[in-house]
Amino acid sequence: ESVWVSYILHLLKLVKNETTATSSNKGENVSTSTLLTTYLRRIESVSNRSVRNCPYSVTLFDYKMKCIDIVAEHDPSIVFDAENIANVAKKEAIEGKFLPDKESYLKVYLSAIGVTKRR
């Protein structure tokens, strides 16, 4: 689990750095760099694999929700409505029945609700 968290944090840092670099080049008519697009695809893939491989981890699920939010923020073609985010929470975390206790289920739902609220 800690390896996944470290990798996701590293990718989040790369996305943040590339976003800063892209926004500083506004005058050069750069919409989204290919490097940022690559990082966004990778962070989405890594967050999906981390939750699939460690379905008991509330921390990884929380990072997955943050990654969904970041990808949707940077890619206007991706639209996550409340139902899609609720389905992600329900399908991957709740129906899996791998979470250790009821507090974990609550944290998963709150994480999904937080992303929905920001969208």
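Throughout, a residue's number is its position along its own chain's written sequence, starting from 1. Note on the predicted model: pLDDT of at least 70 is required for a residue's local features to be given, and 80 or more for side-chain atom pairs to be given and counted; whole-chain, interface and lining totals, by contrast, use all residues. With hydrogens and water stripped out, all remaining heavy atoms of the structure feed into the side-chain values.

(A) Focus on helix α5 (residues 102-118). The terminal C-alpha atoms of α5, which comprises 17 residues, lie 25 Å apart, in line with the 24 Å expected from a rise of 1.5 Å per residue. Buried residues along α5 sit in contact with α3 (58-74) and α4 (82-94). In this text, helices come from DSSP runs of H or I with a minimum length of four residues, and strands from runs of E with a minimum of two, each type numbered from the N-terminal end. In a helix, the anticipated span is given by 1.5 Å times the number of residues less one. Throughout, a residue-residue contact means that at least one pair of heavy atoms, one from each residue, lies within 4.5 Å.

(B) Structural context of the nonpolar core. Take the buried Ala, Val, Leu, Ile, Met, Phe, Trp, Tyr and Cys residues and link them wherever side-chain atoms come within 4.5 Å; each set so joined is a nonpolar core. The buried label goes to any residue with under 20% of its type's maximum accessible area, the exposed label to any with over 50%, and the partly exposed label to all in between, with areas taken from a 1.4 Å probe on protein chains only. Among the nonpolar cores identified, the biggest contains 30 residues, and Ile8, Leu60, Phe61, Met65 and Val108 are the most heavily contacted of them. Only α1 (2-24), α2 (34-53), α3, α4 and α5 provide two or more residues apiece to this core. The leading source of residues in this core is α3, at eight residues. With residues near it in sequence (within four places) discarded, Phe61 still touches Val51, Val88, Ala89, Ala93, Val108 and Ser111.

(C) Molecular detail of the packing of α4 against α5. Only C-alpha atoms enter the line fits that serve as axes; for helices the fit covers just the stretch in contact. Angles between N-to-C directions range over 0 to 180 degrees. Direction vectors running N to C along α4 and α5 enclose 160°, while the axes themselves pass 9 Å from each other. Classified by the interaxial angle, the pair formed by α4 and α5 is roughly antiparallel. Crossing handedness for the pair α4 and α5: right-handed. Between α4 and α5, the residues in contact are Ala82, Ile85, Ala89, Ala93 and Ile94 and Tyr105, Val108, Tyr109, Ala112, Val115 and Thr116, respectively. Split into classes, the residues belonging to the contact of α4 with α5 amount to 10 nonpolar, one polar and no charged. When describing relative orientation, an angle under 35 degrees is termed roughly parallel and one over 145 degrees roughly antiparallel, while 65 to 115 degrees is termed roughly perpendicular and anything else oblique. Crossing handedness: left-handed means the near helix sits turned counterclockwise from the far one by under a right angle, and right-handed means the same turn made clockwise. When residues are grouped by polarity, Ala, Val, Leu, Ile, Met, Phe, Trp, Tyr, Cys and Pro land in nonpolar, Asp, Glu, Lys and Arg in charged, and all others, Gly among them, in polar.

(D) Spatial organisation of a nonpolar patch on the surface. The residues that make up patches have over 30% relative accessible area and no salt bridge, and they are joined within 9 Å when like-charged or within 5 Å when they are Val, Leu, Ile, Met, Phe, Trp or Tyr. Reported accessibility uses the Shrake-Rupley method at a 1.4 Å probe radius. Residues are deemed covered only where the shown protein chains occlude them. Within this document, salt bridges are pairs made up of a side-chain nitrogen of Lys or Arg and a carboxyl oxygen of Asp or Glu, the two lying within 4 Å of each other. Together, Leu106, Tyr109, Leu110 and Ile113 make up a nonpolar patch on the protein surface, roughly 410 Å² of accessible area in all. Within the secondary structure, Leu110 is located in helix α5.

(E) Structural view of the side chain of Lys64. Position of Lys64 among the secondary structure elements: in helix α3. Sequence-distant contacts of Lys64, defined by excluding residues within four places in its chain, comprise Ser47, Asn48, Val51, Val88 and Glu92.

(F) Structural detail: the pattern of salt bridges. Considering all chains together, one arrives at two salt bridges under this definition. For Lys66, the salt bridge is made with Asp62, and the minimal N-O distance between the two is 3.7 Å. Note that Lys66 and Asp62 are positioned in helix α3 at a spacing of four residues, about one turn of the helix. Relative accessible area serves as the criterion here: at 35%, Lys66 is assigned to the partly exposed category.

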